[in-house]
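Residues per chain, in single letters:
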Amino acid sequence: MEAPHNPATEGVAPESVARITVQSPEQMQELGRRLAKVLRAGDLVLLTGELGAGKTTLTRGLGEGLGVRGAVTSPTFVIARVHPAPAGGPPLVHVDAYRLGGGLDEMEDLDLDVSLPESVVVVEWGDNKVEELSDDRLHVVIKRAVGHETVLDDVRDVTLTGIGARWTAADLAGLAA
């Protein structure tokens, strides 16, 4: 199967790619928990998918896996939420760039460049807005699965593309377990 078009990776050779089919919201959250084990401070994760695709559900699982405080909910109206990690792990910075029209300049007030080195930064709707923050990033594309000419309600096709040296040796395929 050919990888879906991903504007965030144009002109950049992907280092690691995994494709995973998720059958339910619970499995999407579990994928987030597994992905959290691979993430570390300084990681930038871009989430792409239509409304209701499961971006926040995946991030909720990331928060659980990272052991952060506070309920991980969509930050649509506040733009960004910081969830500290009491166990000494990296905090989770969860950003929803849906309402932001411009690129990195418009997001400058969020100080993501300051937060990134010590945090895991997850940006929903971040395509063409935050890629300049890091040469190394993980781009997650979530699409509703289609079968027999119908959309399968809870089934999602998830493509994880690791870009840059950070992701060269990452075992993203191992997340499908």
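For clarity, every value in this text was computed on a predicted model and none was experimentally measured.

Engineer: Give a detailed account of the overall build of the protein, specifying residues and quantitative values.
Structural biologist: Secondary structure assignment for the protein yields 4 helices and 7 strands. Taking contacts inside the protein between residues at least 6 apart in sequence as the whole, the part at least 24 apart equals 66%. Split by element, the accessible area of the protein, about 8,600 Å² in all, is 50% carbon and sulfur.

Engineer: Tell me about the environment of Thr-56, residues and numbers included.
Structural biologist: Relative to the helices and strands, Thr-56 resides in helix α2 (residues 55–66). Separated by 24 residues in the primary sequence, Thr-56 and Gly-32 have C-alpha atoms spaced 9.8 Å apart. Aside from chain neighbours lying at most four places away, what touches Thr-56 is Val-72, Thr-73, Ser-74, His-94 and Glu-124.

Engineer: Run through helix α1 (residues 25–36), naming residues and quoting values.
Structural biologist: For α1, built from 12 residues, the straight-helix expectation of 16 Å at 1.5 Å per residue is met to within 8% by its first-to-last C-alpha distance of 17 Å. All buried positions along α1 are accounted for by Met-28, Gln-29, Leu-31, Gly-32, Arg-34, Leu-35 and Ala-36.

Engineer: Could you give an account of the pairing of strand β2 (residues 44–48), with specific residues and numbers?
Structural biologist: Most of β2 is tucked away, with 5 of its 5 residues classed as buried. A two-sided burial pattern is seen for β2, the buried positions comprising Leu-44, Leu-46 and Thr-48 on one face and Val-45 and Leu-47 on the other. Of the pairings in the sheet, the one linking β2 to strand β5 (residues 120–124) comprises 4 bridges and is parallel in character. Within the sheet, the bridge partner assigned to Val-45 lies in β5 and is Val-122.

Engineer: Go over the pattern of salt bridges, please, and point to the residues and values.
Structural biologist: All told, the structure shown has 5 salt bridges when counted by the stated rule. Arg-33 is the partner of Glu-64 in a salt bridge, and the nearest nitrogen-oxygen pair spans 2.4 Å. Of this pair, Glu-64 sits in helix α2 while Arg-33 sits in helix α1, and the two are 31 residues apart along the sequence. With relative accessibility at 42%, the residue Glu-64 sits in the partly exposed group.

Engineer: Break down the pairing of strand β4 (residues 92–96) for me, citing the residues and quoting the values.
Structural biologist: On a regular strand, one side chain projects to one face of the sheet and the next to the other, so that they alternate. Most of β4 sits inside the fold, with 5 of its 5 residues counted as buried. The alternating pattern of β4 places Leu-92, His-94 and Asp-96 and Val-93 and Val-95 on opposite faces, both of which are buried. Alignment of β4 against β5, held across 5 bridges, turns out to be parallel. Following the sheet pairing, His-94 is matched in β5 by Val-122.

Conventions used here
- Residues numbered from 1 in each chain as written.
- Predicted model: local features only at pLDDT ≥ 70, side-chain atom pairs only at ≥ 80, totals over all residues.
- Heavy atoms only, no water.
- Helix = DSSP H or I, 4+ residues; strand = E, 2+ residues; numbered from the N terminus.
- Contact = heavy atoms within 4.5 Å.
- Areas by Shrake-Rupley, 256 points an atom, 1.4 Å probe, with all protein chains shown as cover.
- Expected span 1.5 Å × (residues − 1).
- Buried < 20%, exposed > 50% of the residue type's maximum accessible area, 1.4 Å probe, protein only.
- Pairing = 2+ DSSP bridges.
- Salt bridge = Lys/Arg side-chain N within 4 Å of Asp/Glu carboxyl O.

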